[in-house]
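Notes for the structure review
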Amino acid sequence: MDPEYAPVNGRKRPQRPQRTHREVADELRARIRSGELRPGQRMPTQAKLADEFGVERGAVRQALRILQSEQLLTNVAKGAPATVAGHPGSALTGPEAPPRPTTAALTPRIAAAFEAEHVQIDAVCLTAISLTLAIGEPLRQIHAGRMKPAKVDVRVLLPGRNIDLAFPVAVEDSADGRRDGRRDGRRGGRHGGRDDDPVHERWLAMRNAQGQVLRHGLLALRATHGIDVRVSFRALPFTPPVKLYLLNGVEALFAYYTLSRSEAQIDQENVQTYDAQGTRSALFAFEQGAGMRDSAFVTQSRLWFDALWETISSELQLTS
């Protein structure tokens, strides 16, 4: 028995504090880096890892999914031993990890977040396409019986329908004065976010469709699995120049919307636009406990999101 936790005068000292899933991930990552766990080697079962670290299996699964998202493990599934990746040394993690495209980086992070008993996801984005795609994976896992959170809370901030969007915008509109300082978003005509702006209408239809798919897929979990689900949307009075995802209050994923000139077919016409490919945006990951800078970024991101949600945002309807 560990002397630190041996009985004293017939009384047991307090038990060792239970490790978090991130501490489990840190230890397993160190074993992979050191070569103790070799490429191609099968990991111990989740039950054995849970026993070794003195944690619940859910914490082990979260740790394994983190390492999978870092490309250190493959074949991570509920109850089955994972495998150390073929070249784990090439997958940088932590503060040295390079950003990855949103489509590649967001899905495993969202899946890991859904291992928690209470899932909390906050997002600021332009259309919610990336979020909708990423949540599809944990939804499949839930329907397959591989995970089941008790509660899911999702909050999404999207641009309001009647504002003058900074992007996407037709190149000709940008050139002839769209960026001349109009801010109230109430003007009619071509520059007021109204029906005669085909680029704006295309974005609005996409925003509404993605939001509806996201909401429907999550709310369906109430009837099919008895999960307590809340999905809320609010409208921003501006175009967010960045996208932000906050996961369970402990992780922030951040990306810039980088604009480029492209061509879109709208109403059978080719229209030159300034737009951003949000699914390709490089996503930077920050975690509570990964260092002072990471922790501060997560904390400030949460404060920023909550302030927008509670002050200048307004009710959003996902309708045309």
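Right, let's walk through the structure included here. Bear in mind that the values here come from a model prediction, so they are computed numbers and not experimental data.

**What to know about the pairing of strand β8 (residues 242–247)**
On a regular strand, one side chain projects to one face of the sheet and the next to the other, so that they alternate. Within β8, six of the six residues are buried, which leaves the element mostly enclosed by the surrounding structure. Residues Val242, Leu244 and Leu246 point to one face of β8 and Lys243, Tyr245 and Leu247 to the other, with burial holding for every one of them. One ladder, built from four bridges, connects strand β4 (residues 118–124) with β8; its direction is antiparallel. Bridging from a neighbouring strand, Ile121 pairs with Leu247 of β8. Of the strand pairs in this sheet, β8 and strand β9 (residues 251–256) are connected by six bridges, and their pairing is antiparallel. Pairing of Tyr245 across the sheet is with Leu253, part of β9. Connecting the antiparallel pair β8 and β9 is a turn made up of three residues, with Asn248 showing a positive phi of about 55 degrees.

**Details of helix α8 (residues 292–310)**
Over its 19 residues, α8 extends 27 Å from the first C-alpha to the last, a length consistent with the 27 Å expected when each residue adds 1.5 Å. Inspection of α8 places Asp294, Ser295, Val298, Ser301, Phe305, Leu308 and Trp309 among the buried residues, and these make up the whole buried set. Here the buried residues of α8 occupy an arc of 165 degrees about the axis, which is enough to place them on one side. Exposed residues lying more than 90 degrees from the buried face of α8 are Met292, Arg293 and Glu310.

**Concerning the packing of helix α3 (residues 57–69) against helix α4 (residues 102–113)**
Between α3 and α4, the shortest axis-to-axis distance is 9 Å and the interhelical angle comes to 175 degrees. Taken together, the axes of α3 and α4 are roughly antiparallel relative to one another. On the side of α3, the interface is formed by Gln62, Arg65, Ile66 and Ser69, while α4 contributes Pro108, Arg109, Ala111 and Ala112. Of the residues belonging to the contact of α3 with α4, the class tally is four nonpolar, two polar and two charged.

Each value, and the rule that gives it
Residues numbered from 1 in each chain as written. Predicted model: local features only at pLDDT ≥ 70, side-chain atom pairs only at ≥ 80, totals over all residues. Heavy atoms only, no water. Buried < 20%, exposed > 50% of the residue type's maximum accessible area, 1.4 Å probe, protein only. Helix = DSSP H or I, 4+ residues; strand = E, 2+ residues; numbered from the N terminus. Pairing = 2+ DSSP bridges. Expected span 1.5 Å × (residues − 1). Arc of directions from axis to C-beta. Axes fitted to C-alpha atoms, helices over the stretch in contact; angles between N-to-C directions. Parallel < 35°, antiparallel > 145°, perpendicular 65-115°, else oblique. Contact = heavy atoms within 4.5 Å. Nonpolar A, V, L, I, M, F, W, Y, C, P; charged D, E, K, R; others polar.

Functional significance is not addressed by these values, which are geometric in nature.
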